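If you want the building blocks of each chain, they are given just below.
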Amino acid sequence: RCVQETGTWGSKEIVAMISAEPEIDPEEVNFSESVFAEGPVEHWLLQIQEMMVKTLRDTTRRTLNKYPQDALDRKQWLFSFPAQCILVVDQIMWTAGVTDAINQIEQGKNKKALEQFFDFSQEQITKMVSLVRSPLTTGQRTLLGALIVLDVHGRDVVKNLIQGKIASLNDFEWTKQFRYYWETDIDDCTVKQTNTRFLYGYEYLGNGPRLVITPLTDKCYMTLTGALHLNYGGAPAGPAGTG
């Protein structure tokens, strides 16, 4: 369910990816360029994978460039791009907002910067909750559910930073967070946690729901990113539903 052929019967042109969920309202993401199912299957399947990465990177860049100046009024922006790109850019903007607030505190410009960003985050969540209550398609409702899960976690992180009186970007309470950046020098998205840094992989995940992020989730992420940084692997295990 990751490819779609054009309407012509027997066509070998692959033009889009389709999300596996939600089943009754699947998301469709058009490729930046068509891929043709010709030659050895392992070759054109690899071309599909490469086009998936290129398409999501191009679309994420456009999503970031179109982020509204009024970050409290995001309704049109939210439903104009694929769900995965919206979630990534939302995390990039959250990281940028917290980074700017901590910098203001560190430089003595505004000691209340984190409190102000917390209030902004709370207002942003309230706006999305009211949007969820309006008439939406299944796909739009799924996107907003995932976005609220991420933003509530982000708000709680900011609350912990305030309680911990964090005043430096080097404080562990901040560096241990899963942080997304758009690095202009490489024109690409990177993910950082503690002393690790990874290029975002652009693997298409579709438009699915997100589990609530718990402190144990954060510990799992920290363990796995640390292992990957040291060229190890990881295999989380445990009873289902325990986080």
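Our subject is the structure that appears above.
What you see is a predicted model; the values in this text were computed from it and never measured. (Residues numbered from 1 in each chain as written. Predicted model: local features only at pLDDT ≥ 70, side-chain atom pairs only at ≥ 80, totals over all residues. Heavy atoms only, no water.)

(A) Expanded view of the sheet that holds strand 4 (residues 179-183). Strand order in this open sheet of three strands is 4-5-6, and the pairing throughout is antiparallel. Across the chains shown, the open sheet's two edge strands, defined by having one partner strand only, are strand 4 and strand 6 (196-199). The mean inter-strand angle of the sheet, taken between neighbouring strand axes irrespective of direction, is 30°. Here strand 4 runs beside strand 5 (residues 188-193); their pairing, made up of five bridges, is antiparallel. Bridging from a neighbouring strand, Tyr-181 pairs with Thr-190 of strand 5. (Pairing = 2+ DSSP bridges. Helix = DSSP H or I, 4+ residues; strand = E, 2+ residues; numbered from the N terminus. Axes fitted to C-alpha atoms, helices over the stretch in contact; angles between N-to-C directions.)

(B) Highlighting the side chain of Thr-63. Here Thr-63 lies in helix 1 (residues 41-65). Those residues in contact with Thr-63 that sit more than four places away from it in its chain are Trp-77, Phe-81, Cys-85, Ile-86 and Val-89. (Contact = heavy atoms within 4.5 Å.)

(C) Quick look at helix 1. The end-to-end C-alpha separation of helix 1 is 36 Å, in line with the 36 Å expected for 25 residues at 1.5 Å each. Of the positions making up helix 1, those classed as buried are Trp-44, Ile-48, Met-51, Met-52, Thr-55, Leu-56, Asp-58, Thr-59, Thr-60, Thr-63 and Leu-64. Looking at the buried positions of helix 1, the neighbouring elements they touch are strand 2 (13-18), strand 3 (28-36), helix 2 (75-78), helix 3 (83-106) and strand 4. (Expected span 1.5 Å × (residues − 1). Buried < 20%, exposed > 50% of the residue type's maximum accessible area, 1.4 Å probe, protein only.)

(D) Looking closely at the packing of aromatic side chains. Applying the stated criterion to the full structure yields seven aromatic pairs. Ring centres 5.7 Å apart and planes at 40° place the aromatic pair Phe-117 and Phe-120 in the tilted group. Taken together, the residues span about one helical turn, with Phe-117 and Phe-120 both in helix 4 (residues 113-132) at a distance of three residues. Residue classification places Phe-120 among the partly exposed residues on the basis of a relative accessible area of 26%. (Phe/Tyr/Trp six-rings, centres within 6.5 Å; stacked < 30°, edge-to-face > 60°.)

(E) Geometry of the pattern of salt bridges. Overall, the coordinates contain 11 salt bridges when judged by the stated rule. In this structure, Arg-57 and Asp-188 form a salt bridge, with 3.9 Å as the shortest nitrogen-oxygen distance. Placement of Arg-57 in helix 1 and of Asp-188 in strand 5 is noted, with a sequence separation of 131 residues between them. Exposure remark for Arg-57: the relative accessible area of 27% places this residue in the partly exposed category. A residue is classified by how much of its surface remains accessible, and Asp-188, at 10% relative accessible area, is buried. The residue Asp-187 makes a salt bridge to Arg-61 at a minimum N-O spacing of 3.0 Å. Of the two residues, Asp-187 is situated in the loop between strand 4 and strand 5 and Arg-61 in helix 1; the sequence distance between them amounts to 126 residues. Relative accessible area serves as the criterion here: at 30%, Asp-187 is assigned to the partly exposed category. Look at the salt bridges and you will find they share partners, linking Glu-33, Lys-54, Asp-58, Arg-61 and Asp-187 into a network. (Salt bridge = Lys/Arg side-chain N within 4 Å of Asp/Glu carboxyl O.)

(F) View of the environment of Gln-104. Structurally, Gln-104 is set in helix 3. For the pair Gln-104 and Phe-120, spaced 16 residues apart in sequence, the C-alpha separation works out to 16 Å. Setting aside residues no more than four positions away along its own chain, Gln-104 makes contact with Lys-109, Asn-110 and Ala-113. A polar side-chain atom of Gln-104 sits 2.9 Å from a polar atom in the side chain of Asp-100. (Polar contact = N/O pair within 3.5 Å; in protein donor to acceptor, adjacent residues only side chain to side chain.)

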